[in-house]
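# Summary of structural features
This is what each chain is made of:
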Amino acid sequence: MIRAAYLAPDGLQDTLAEELRGAGVTVDGWHGLLALSADPPVASAWALDIWTDPQEIPAPSVKAAADALRALQRNWSAYGAAQHRRMALIAERLPPVKARPLVFPEPAPTGHLGAWTLLAPDRMLASATKTSPFVNGECRFVEDHIGPPSRAYLKLWEAWTRLGAWPRPGETCLDLGAAPGGWSWAAAVLGAQVTAVDKAPLDMRVAALPGVAWREGSAFAEPPAAVDWLLSDVIAYPDRLLALVQRWIAAEAAGRIVCTVKFQGATDHAAAAAFAAIPGGRLLHLFHNKHELTFMWQRPGQPAAASGTTTGLPSRASTR
Ligand SMILES: C[S@@+](CC[C@H](N)C(=O)[O-])C[C@H]1O[C@@H](n2cnc3c(N)ncnc32)[C@H](O)[C@@H]1O
């Protein structure tokens, strides 16, 4: 019996499997990028999406499959790893699910969405609930090809969308490891006051934006000081970044934190677990992340995060 399914980012199947193994979850098989397990669902940082209530449903015909899904609920997103033609015929019989790119700043979809796939021509796997509000975890945006100097701003847009909060005009942001300035650009165009810290200078167009000030320096030498947003895209060992984040949280200096946790070579699952265990925080592999995770945190008392941002799943620690 399949009790949970975890959608791996393409190329990170082994990383997801390692994380699940560490959480005591056995992957019994793969369906494309979907790791299937007979163990109950647990929180996973590396999964793009987690199917939390999968059921195997007979699909003797296209019509029977569509009817079975419609009988469960209205909105379904398809994950196709095989049987593409038959899946398309089933999907045609379901209400269309619009997966248009978001125009940032725009909230994540709030409509209830399930996921389904064909495991075999006559056998579906369908989960009425899943953790990502996006079809297959794919959070796409209408991109800005002119303003930002790199595409790194997309992962910050995605983090803000998942957090359900982004800087308001006049709020202060400290952007650590800011060059060439995609994140600083994203905050500045929202009207925030940005202090960018890096050894390297910002792209000239970002440096010239109103509200942006660049300072040459090391992220790790910055003493915690009151800011609405602490942002970090610094390339650093996860342990070192963890210590930085813990220092800022202990000092009660930042209202909210978004930071990228980057891994080189083997994944440091222990450091990832330590990030995931920080109260008030959330660790996710965003659609725009590569071999990295994004840590998001907000100080207690900040307005609640938007729906779809918490999984309600037991953490790794509590499943041990
Ligand atoms: C991935 S890039 C940041 C991209 C940026 N977020 C953007 O949107 O354009 C990482 C940056 O971290 C900087 N960096 C690395 N170590 C640093 C440190 N100890 N302190 C400050 N910046 C650092 C690098 O110089 C580099 O510019």
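Refer to the preceding data block for the structure.
Source: prediction; values computed, not measured. Throughout this document, residue positions are counted from 1 along each chain, in the order its sequence is written. Restriction of local features to residues with pLDDT of at least 70 applies here, the model being predicted, together with a cutoff of 80 or more for giving and counting side-chain atom pairs; totals for whole chains, interfaces and linings are based on all residues. Hydrogens and water molecules were not included; the side-chain quantities draw on all heavy atoms of the structure.

Here we take up the packing of helix α7 (residues 238-250) against helix α8 (residues 269-276). In this analysis an axis means a line fitted to C-alpha atoms, helices contributing only their contacting stretch, and an angle means the value between N-to-C directions, from 0 to 180 degrees. Secondary structure follows DSSP: runs of H or I at least 4 residues long count as helices, runs of E at least 2 residues long count as strands, and numbering of each begins at the N terminus. Two elements in contact, α7 and α8, have axes separated by 9 Å at closest approach and are oriented at 20°. When the axis of α7 is compared with that of α8, the two are roughly parallel. Handedness of the α7/α8 crossing: left-handed. Judged by residue contacts, Pro238, Asp239, Leu241, Leu242 and Val245 of α7 engage Ala271, Ala274 and Phe275 from α8. Residue type decides the class: Asp, Glu, Lys and Arg count as charged, Ala, Val, Leu, Ile, Met, Phe, Trp, Tyr, Cys and Pro as nonpolar, and the leftover types, Gly among them, as polar. For the contact of α7 with α8, the residue count by class is seven nonpolar, no polar and one charged. Roughly parallel covers angles under 35 degrees, roughly antiparallel covers those over 145, roughly perpendicular covers 65 to 115, and oblique covers all other angles. By definition, any crossing whose near helix is turned counterclockwise from its far helix by less than a right angle is left-handed, and any crossing with a clockwise turn is right-handed. Note on contacts: a residue pair is in contact if any heavy atoms of the two residues lie within 4.5 Å.

Looking at the ligand, there are 19 residues lining it, with Gly182, Trp183, Asp198, Ala219 and Asp233 nearest. A distance of 3.3 Å separates an oxygen atom of the ligand from a polar atom in the side chain of serine 150. Between the ligand and the protein, one listed contact pairs an oxygen atom with a backbone N or O atom of glycine 181 at 3.0 Å. Protein chains bury 84% of the 600 Å² of accessible surface belonging to the ligand in isolation. Here the residues of the shell around the ligand are counted per class, giving nine nonpolar, six polar and four charged. Whether a residue is near a molecule or strand depends on its heavy atoms: if one lies within 4 Å, it is near. Residues adjacent in sequence count toward polar contacts only when both atoms are side-chain atoms; beyond that, a polar contact is any pair of N or O atoms within 3.5 Å, and within protein one must be able to donate a hydrogen and the other to accept it. Each accessible area is a Shrake-Rupley estimate made with a 1.4 Å probe; only the visible protein chains count as cover when residues are assessed.

Looking now at the nonpolar core. Within the largest apolar cluster, 43 residues are counted, with the highest numbers of intra-cluster contacts made by Tyr6, Leu230, Val245, Ile257, Val261, Phe275 and Phe295. Residue contributions to this core peak at six residues, all from α7. Residues in contact with phenylalanine 295, not counting those within four places in the same chain, are Val245, Ile257, Val258, Cys259, Val261, Phe275, Ile278, Gly281, Arg282 and Leu283. Counting residues in each nonpolar core, the second largest holds 34 residues, with Phe104, Ala178, Val194 and Met296 among its members. Each nonpolar core is a collection of buried residues, namely Ala, Val, Leu, Ile, Met, Phe, Trp, Tyr and Cys, held together in the definition by side-chain atoms within 4.5 Å. Exposure classes here rest on a 1.4 Å probe applied to the protein chains alone. A residue is buried below 20% of its type maximum, exposed above 50%, and partly exposed in between.

With that settled, the discussion passes to helix α2 (residues 62-72). Buried within α2 we find Val62, Ala65, Ala66 and Leu69. Across the axial projection of α2, the buried residues extend over an arc of 95°, all falling on one side. Against the buried residues of α2 lie β6 (76-78), α3 (84-92), β7 (114-120) and β8 (123-127). The directions considered for the arc are those from the helix axis to the C-beta atoms.

Turning to the packing of aromatic side chains, a few remarks are in order. Any two of the Phe, Tyr and Trp rings considered here, Trp counted by its six-membered ring, make a pair once their centres fall within 6.5 Å; the pair's planes then place it as stacked at under 30 degrees, edge-to-face at over 60, or tilted in between. Counted by the stated rule, this structure contains eleven aromatic pairs. Plain terms: the ring middles of phenylalanine 104 and phenylalanine 141 are 6.2 Å apart, the flat faces sit at 80° to each other, and that makes the pair edge-to-face. Taken together, the residues phenylalanine 104 in the loop between α3 and β7 and phenylalanine 141 in the loop between β8 and α4 (153-163) connect sequence positions 37 residues apart. Both residues of the pair, phenylalanine 104 and phenylalanine 141, count as buried.

Here we take up the environment of valine 212. Tracing the chain through its elements places valine 212 in strand β11 (residues 212-216). Each C-alpha atom of the pair valine 212 and leucine 113 lies 39 Å from the other, and the pair is 99 residues apart in sequence. What valine 212 contacts, discounting residues up to four positions off in sequence, is Ala188, Val194, Leu202, Val206 and Ala207.

Before going further, it helps to spend a moment on the packing of α2 against α3. Packing of α2 against α3 brings their axes to within 9 Å, and their N-to-C directions diverge by 55°. As far as their axial angle goes, α3 and α2 are oblique. Considering only the axes of α2 and α3, their crossing is right-handed. Residues Val62, Ala65, Ala66 and Leu69 of α2 touch α3, and the partners they reach there are Arg86, Leu89 and Ile90. Grouping the constituent residues of the contact of α2 with α3 by class yields six nonpolar, no polar and one charged.

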